[in-house]
Amino acid sequence: MPTSERQLSDGAAAPVAAKLGKLDELRATKRLALLFFTGAALLFVVSLFLPDVWWAHLLKAFSEAAMVGALADWFAVVALFKRVPIPFISRHTAIIPKNQDKIADNLAVFVQEKFLDTESLVTLIRRHDPAEMMANWLRQEDNARQLGDYLVRLGAGALDFIEDEPVQRFISNAVHKLVGSIDLSQSAGAIVDAMTQNGRHQELLDAGIDQLARLLHSEETQAFIAQGIVDWLKEEYAMFEKMLPTETIGRKGADVAVRMAASILARVNEDPAHPLRQNFDEFTRDFVERLKADPAFHAKGEEIKQFLLQDPALNGYLKTLWDDLKTWLKNDLQKADSVLHQRVVAAGVWVGRTLADDPRLRASLNTHLETAVRGAAPEFAQFLTRHIADTVKRWDSAEMSQQIELNIGKDLQFIRINGTLVGGMIGVVLYVLGEIPVWLGYLYAR
């Protein structure tokens, strides 16, 4: 049998075994109480055949009173759980089954007043400081790992219960709604506007100039320019190209072009007020305004949105997105080195250490917990007490009596045993008290 099935079997068998054990103990105690009563009855029978002496009378008084005590306590115990068919008395028997509704209501009120009232719960929070307890527990990595194990198993189980189609529909609708609500033109304008604040677009221009300068000074670029000059001479001046050193002209021309371009770029890079920078500023401002207000840009943005919303590739991707995510999650949760498990453990340890190192955070957490309890406790207490009362009222009265007797019946049988012994001793005391005048008269006569 697999371990999980064996654990389930053991868990189901444990309550049955406990119930059988209680039942055996109750039966044994009942037999013991009956044995005491039988012993008292036998003593009574024996006392009837004894000679007329004082100790025989004492034994008879003890046995009579012991039987009365045993029978009286037997009746009291039985009357709690069952109906005793004795005229005029039977209506006051079966106390527990007849008062099931009262027991249910009183039990519910007792639980509410003693365990679930708001002040008791708040006092419990203040006494135990749950934030500190949680901090001390979580900052131990073994505990955080144990919590991670539980959460990972819970997550893996939840994935099997989630229906795929509603989740896929939700993701698709959410993305469509998000895309449909965005004004692409306005958003793009706002993004570019934010990027140009405090001259940040000039930094972009500087970076572009630096990249272009590096590109011009590279051997590949200069070779490309030189070859372009040679090709131009061959096409436009084929006759002179045969008489001139075109390769040298190409290299020199490329060098001149690179130096001229580099000189221009250097001047732009060094002069914050260079006309090229001013033109770039003007172009950027005009472009941002057009993005925000130009109907043509707005129409283009709407066209892009409609394309995205109707694009088969995007919609197909959205449908498979949940399947891919679910597959990845299940595969990851099954690994011994699960990334999610490691993140949960790390987060748990971090929360524990943060709470442990920050008294104000713990106090704030406890305060919020007290506030939550004050708000939720009354309603929760009423719900739970109603549930307790309704549940107890729905129980089968005979079964409820059996359950109560099973749990406290052993002690009640000892009441019968004690009643037998106490009754016998009381019988002896009463006999002695009754004989005192006789003894005194006898002494006085002597």
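Cut-off values and rules
- Residues numbered from 1 in each chain as written.
- Predicted model: local features only at pLDDT ≥ 70, side-chain atom pairs only at ≥ 80, totals over all residues.
- Heavy atoms only, no water.
- Helix = DSSP H or I, 4+ residues; strand = E, 2+ residues; numbered from the N terminus.
- Contact = heavy atoms within 4.5 Å.
- Areas by Shrake-Rupley, 256 points an atom, 1.4 Å probe, with all protein chains shown as cover.
- Buried < 20%, exposed > 50% of the residue type's maximum accessible area, 1.4 Å probe, protein only.
- Axes fitted to C-alpha atoms, helices over the stretch in contact; angles between N-to-C directions.
- Parallel < 35°, antiparallel > 145°, perpendicular 65-115°, else oblique.
- Left-handed = near helix turned anticlockwise from the far one by under 90°.
- Salt bridge = Lys/Arg side-chain N within 4 Å of Asp/Glu carboxyl O.
- Expected span 1.5 Å × (residues − 1).
- Phe/Tyr/Trp six-rings, centres within 6.5 Å; stacked < 30°, edge-to-face > 60°.
- Bend = angle between axes of the 7 residues up to and from the residue.
- Core = buried A, V, L, I, M, F, W, Y, C linked by side-chain atoms within 4.5 Å.
- pLDDT = per-residue confidence, 0-100.

(A) Spatial organisation of the overall build of the chain. Tallying secondary structure elements over the chain gives 19 helices and zero strands in all. At a minimum sequence separation of 6, the contacts of the chain that also span at least 24 residues come to 73%. Carbon and sulfur atoms provide 64% of the accessible area of the chain, an area that totals close to 30,500 Å².

(B) Just unusual backbone geometry, in detail. Even without a glycine there, the phi angle at alanine 94 is positive, about 55°. Mapping alanine 94 onto the fold places it in the loop between helix H2 (54–81) and helix H3 (95–98). For alanine 94, a relative accessible area of 8% corresponds to the buried category. Positive phi is not limited to glycine here, since aspartate 129 has a value of about 50°. Inspection of the secondary structure puts aspartate 129 in the loop between helix H5 (118–128) and helix H6 (130–138).

(C) Summary view of the environment of isoleucine 417. Among the secondary structure elements, isoleucine 417 is positioned in helix H19 (residues 397–445). Note: C-alpha distance between isoleucine 417 and leucine 34 (383 residues apart in sequence) is 8.3 Å. Among residues more than four places away in sequence, those in contact with isoleucine 417 are Leu32, Ala33 and Phe36.

(D) How the structure looks around the packing of H5 against helix H18 (residues 359–394). The N-to-C vectors of H5 and H18 enclose an angle of 160°; their axes lie 9 Å apart at closest approach. With respect to H18, the axis of H5 lies roughly antiparallel. Relative to H18, the crossing made by H5 is right-handed. Contacts between H5 and H18 pair Thr118, Glu119, Leu121, Val122, Ile125 and Arg126 from the former with Asn366, Leu369, Glu370, Val373, Arg374, Ala377 and Pro378 from the latter.

(E) Layout of the pattern of salt bridges. Under the definition given, this model contains eight salt bridges. When the shortest N-O distance is used, the salt bridge between lysine 393 and aspartate 105 registers 3.0 Å. On the criterion of sequence distance, the pair formed by lysine 393 in helix H18 and aspartate 105 in helix H4 (residues 100–114) is long-range, its members being 288 residues apart. Owing to a relative accessible area of 33%, aspartate 105 belongs among the partly exposed residues under this scheme.

(F) Layout of helix H7 (residues 141–161). Helix length check: H7, at 21 residues, gives a terminal C-alpha distance of 30 Å against a target of 30 Å (1.5 Å per residue), a fit within 8%. For H7, every residue scored as buried is listed here: Asn143, Ala144, Gly148, Val152 and Leu159. Turning to H7, the residues buried within the fold contact H6, helix H16 (312–333) and helix H17 (339–357).

(G) Focus on the packing of aromatic side chains. Summed over the entire model, instances satisfying the criterion amount to one aromatic pair. Centroid distance phenylalanine 110 to phenylalanine 115: 5.9 Å. Interplanar angle 75°. Geometry classified as edge-to-face. Judged by its relative accessible area of 44%, phenylalanine 110 is partly exposed.

(H) Seen up close, H16. Helix length check: H16 (22 residues) gives 32 Å between terminal C-alpha atoms against 32 Å at 1.5 Å per residue, within 8%. Helix geometry: H16 is bent most strongly at threonine 320, by close to 35°. Buried within H16 we find Asn315, Leu318, Trp322, Lys326, Leu329, Asp332 and Leu333.

(I) Broad picture of the nonpolar core. With 13 residues, the main nonpolar core has Phe81, Ile388 and Val392 as its most contacted residues. Where this core is concerned, the elements lending two or more residues are H2, H4, H18 and H19. At four residues, H18 tops the list of elements feeding residues into this core. Leave out the neighbours within four places in its chain, and isoleucine 388 touches Leu107, Ala108 and Val111.

(J) Structural view of the environment of tyrosine 150. Turning to its location among the elements, tyrosine 150 is positioned in helix H7. For tyrosine 150 and histidine 341, which are 191 residues apart along the polypeptide, the C-alpha to C-alpha distance reads 9.8 Å.

(K) Layout of the confidence of the model for the chain. Looking at the chain, the pLDDT average stands at 78 and 78% of residues meet or exceed 70. Least confident of the elements in the chain is helix H12 (residues 238–243), whose mean pLDDT is 52; most confident is H2, at 89. Counting interchain partners and residues more than four positions distant, the pLDDT-below-50 stretch residues 1–9 has one contact.

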